[in-house]
Amino acid sequence: MKDETKYSQVWNLDKLYPDGSASTQFLDHISHIESKVFSLEEGLNFFNTPKEINHSSKVADLIDNIGCIRINLSQANSYITCLLAQNPQDQNAPTLKGKTSSISARFDAGLKKLQKILVKTDHNLWEDMLDTADLNPYKFILNEWRKKADMHLTDDEESLVSDLMVDGYHAWGQFYHSLIGSIKVNIQVDGERNELSVPQAINLRSHPNEEVRKESYYALEEIWEEKKEQFAKILNHIAGFRLQVYKKRKLENILEEPLMENRINEETLSAMWKVVSKNKQPFIKYLNRKANMYGHTKMKSYNFWAPIKNTNQKIKYEEAVNFILEHFSQFGTELENFSRQVFNNEWIEAEDCPNKSMAAFCASFPISGESRIFMTYGNRITNVLTLAHELGHAFHNHAMKSINGINRQYPMCIAETASTFSEMIILDASMEKAESGEEKLFLLDEKLKRSVMNFMNIHSRFLFEERFYEERKAGIVSSSRLNEIMHEAINEGYVGSFDNPSIHSWAWTPHYYITKSPFYNFPYTFGYIFSLCIYAKAKEKGKEFEKDYLALLRDSGSMSTEDLVMKHLGEDITSEAFWEKGIELCVRDVEEFITLTS
């Protein structure tokens, strides 16, 4: 029997805090965080000298308080992010953001003070303390803090940096999203001229009509060209601030912080990119074959996301929900039941309307044990996959509910593994159920787009950011030079297989403007290949694997990524052989695509 359930495409934020940005309940929550930070500052005064750190119970109390503050800040920041995403012009949200940013700055300063005390602790005393019942559960995090403390400045300098970030560094990131949110794009779709938001215009990249795709692509390119100076200033100021902090902390390698944030070493990242670079030829073959199907010798940028068939097929939201739930059920009952809860409880904002932020995301609300998913659903298979992707993030948050505060913070590369794994379930299961060669080809093409994005597009983003930051060390990088660096990076990333690529993608790719996490590019490629390896295990073990998967997710905040993969998969990710196995699965997809289109 067909499921006729209607699912809302508008989330309910009032269940979290009524009255939106005017919520007195939310203001009380912010005041509560502030009092907790004050308590942390008072607690730190107990340790006037490193010798007094041997009170393990006192350290444990501080850690519990830090975990509590983190959870409360995460809840607050997620709520503000949701408010600004649904309405970038919200007048109260920036004020709330300013308050939480100030509290975060005090919290960061306190945390750094504790880390500096830890690094001065006698080694033998330190090891003895970590073996106590109070501190052993936090052993990995405490050792990580001790290591990070070597990069810290004086207490006064750290406090100044944190304060300046509020109205400098983070403010530029917020300004970027406000600027994107204010842009309107005039495009003709299905015989009618429409004024669209940037996300709505970007969604047209998978429209079945090539003329619509082409018009939206060039309309956006005109806007990026028109506003390139504004975007260049924002990007330069974000990068400039970050580099000045690195300079003060004597960090010469711009990858040192992102590697530490992802809990991977440089050997792992190098092995991954080497394997990716060596295995691009099959994907060039795929791009060329698809270009030929559209009557071109080379892949046009505006045709990359196009459906393989020139069809007007649309997937209604309810159909997408039922499709996802059906396939999630084949993996495990907990993923299916959790996802059903997300849809039934109005945790998703998917309405296709103007004035929305362009980036899809999943926000965690750890106090209430909930998540909120934000996207613009445009009735395309790409939107279905985005929805599955964000549900993967939400499931990761769900898996961490039972974990103590400071052990909940997992690296980006594992976050992107969880989300991509959910996408993989949808793509692979739907391909297996395809009723015709035509349908299978359609889905195979969508899968290969993800491979190209992760092996070519993300690589080009990494190359751009690496080279831009090196040039930024010498001063401001002009918008024209940013275009040149982007063009060079795309040509290298795609090995020249793209015709007329968007040299302005440095302006419209939001990841470059994230101030919370630098180099938010390689975690996607890492997560993509890692998720392939996990999915291979899942297919081998069946529904039994869900328990193993949940165990992996729960460990993701309390060990290095190398140790995590070794523990749960028995694989060495510093070895090129690990990455070769993942890419080999994707190369098989290319071979099948070539066969089906011969």
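I will try to describe carefully the structure that is included in this document. Not measured: the values here are computed from a predicted model. (Residues numbered from 1 in each chain as written. Predicted model: local features only at pLDDT ≥ 70, side-chain atom pairs only at ≥ 80, totals over all residues. Heavy atoms only, no water.)

Broken down by element type, the protein chain carries 24 helices and seven strands. In summary, the protein chain has a C-alpha radius of gyration of 24 Å against a globular reference of 25 Å for 598 residues, a match within 12%. Expressed as a percentage of its 598 residues, the buried residues of the protein chain come to 59%. For the protein chain, the share of sequence-separated contacts (at least 6 apart) that also reach a separation of at least 24 residues comes to 77%. Accessible area of the protein chain: about 24600 Å², with a carbon and sulfur share of 47%. Considering the protein chain, the positive charge centre built from 69 side chains and the negative charge centre built from 86 side chains are found 1 Å apart. (Helix = DSSP H or I, 4+ residues; strand = E, 2+ residues; numbered from the N terminus. Rg over C-alpha atoms; globule rule 2.2 N^0.38 Å. Buried < 20%, exposed > 50% of the residue type's maximum accessible area, 1.4 Å probe, protein only. Contact = heavy atoms within 4.5 Å. Areas by Shrake-Rupley, 256 points an atom, 1.4 Å probe, with all protein chains shown as cover. Lys, Arg positive; Asp, Glu negative; His and termini not counted. Charge placed at Lys NZ, Arg CZ, Asp CG, Glu CD.)

Okay, helix 1 (residues 24-44) next. Taking 1.5 Å per residue as the helical rise, helix 1 with its 21 residues ought to reach 30 Å, and the 31 Å between its terminal C-alpha atoms agrees with that figure. Elements that come into contact with the buried residues of helix 1 comprise helix 2 (56-86) and helix 3 (93-119). Between the side-chain oxygen of the N-cap and the backbone nitrogen of Gln25 there are 3.3 Å, and the N-cap of helix 1 in question is Ser23. (Expected span 1.5 Å × (residues − 1). Polar contact = N/O pair within 3.5 Å; in protein donor to acceptor, adjacent residues only side chain to side chain.)

Turning our attention to the pattern of salt bridges. Enumeration according to the criterion identifies 30 salt bridges in this entry. Its salt-bridge partner being Lys539, residue Glu432 comes within 3.2 Å of it at the nearest N-O pair. Of the two residues, Glu432 sits in helix 17 (residues 412-432) while Lys539 sits in helix 21 (residues 522-541), which places them 107 residues apart along the sequence. Residue Glu432 is classed as exposed on the basis of its relative accessible area, which comes to 54%. Between Arg481 and Glu488 there is a salt bridge whose closest N-O contact spans 3.5 Å. The exposure class assigned to Arg481 is partly exposed, which follows from its relative accessible area of 23%. A relative accessible area of 38% places Glu488 in the partly exposed class. (Salt bridge = Lys/Arg side-chain N within 4 Å of Asp/Glu carboxyl O.)

A word on the packing of helix 21 against helix 23 (residues 561-569). Here helix 21 crosses helix 23 at 15 degrees, and the two axes come no closer than 12 Å. If you check the angle between helix 21 and helix 23, you find them roughly parallel. In this structure, the crossing between helix 21 and helix 23 has a hand that is left-handed. Between helix 21 and helix 23, the residues in contact are Phe526, Phe530, Cys533, Ile534 and Lys537 and Thr561, Val565 and Leu569, respectively. (Axes fitted to C-alpha atoms, helices over the stretch in contact; angles between N-to-C directions. Parallel < 35°, antiparallel > 145°, perpendicular 65-115°, else oblique. Left-handed = near helix turned anticlockwise from the far one by under 90°.)

Assignment of secondary structure puts Glu423 in helix 17. Owing to a relative accessible area of 10%, Glu423 belongs among the buried residues under this scheme. Those residues in contact with Glu423 that lie beyond four places of it in its chain are Leu385, Ala388, His389 and Arg450.

Interaxial distance between helix 14 (residues 317-331) and helix 15 (residues 333-344) falls to 8 Å at its minimum, and their mutual angle equals 160 degrees. With respect to helix 15, the element helix 14 is oriented roughly antiparallel. For the pair helix 14 and helix 15, contact is made by Tyr317, Val321, Leu325, Phe328, Ser329 and Phe331 and by Leu335, Glu336, Ser339, Arg340 and Phe343, respectively. Partitioning the contact of helix 14 with helix 15 into residue classes produces seven nonpolar, two polar and two charged. (Nonpolar A, V, L, I, M, F, W, Y, C, P; charged D, E, K, R; others polar.)

Judged by nonpolar contacts, the single largest core of 150 residues is most densely connected at Phe231, Phe283, Phe464 and Trp506. Looking at which element gives the most residues to this core, the answer is helix 18 (residues 437-472), with 15 residues. Residues within four places of Trp506 in sequence aside, it is in contact with Lys228, Phe231, Ala232, Leu235, Phe464, Ser479, Leu482, Asn483, Met486, Tyr512 and Tyr513. Grouped together as the second largest cluster of nonpolar side chains are 43 residues, Ala60, Ile66, Cys82 and Leu96 included. (Core = buried A, V, L, I, M, F, W, Y, C linked by side-chain atoms within 4.5 Å.)

These figures come from the coordinates and say nothing about function on their own.
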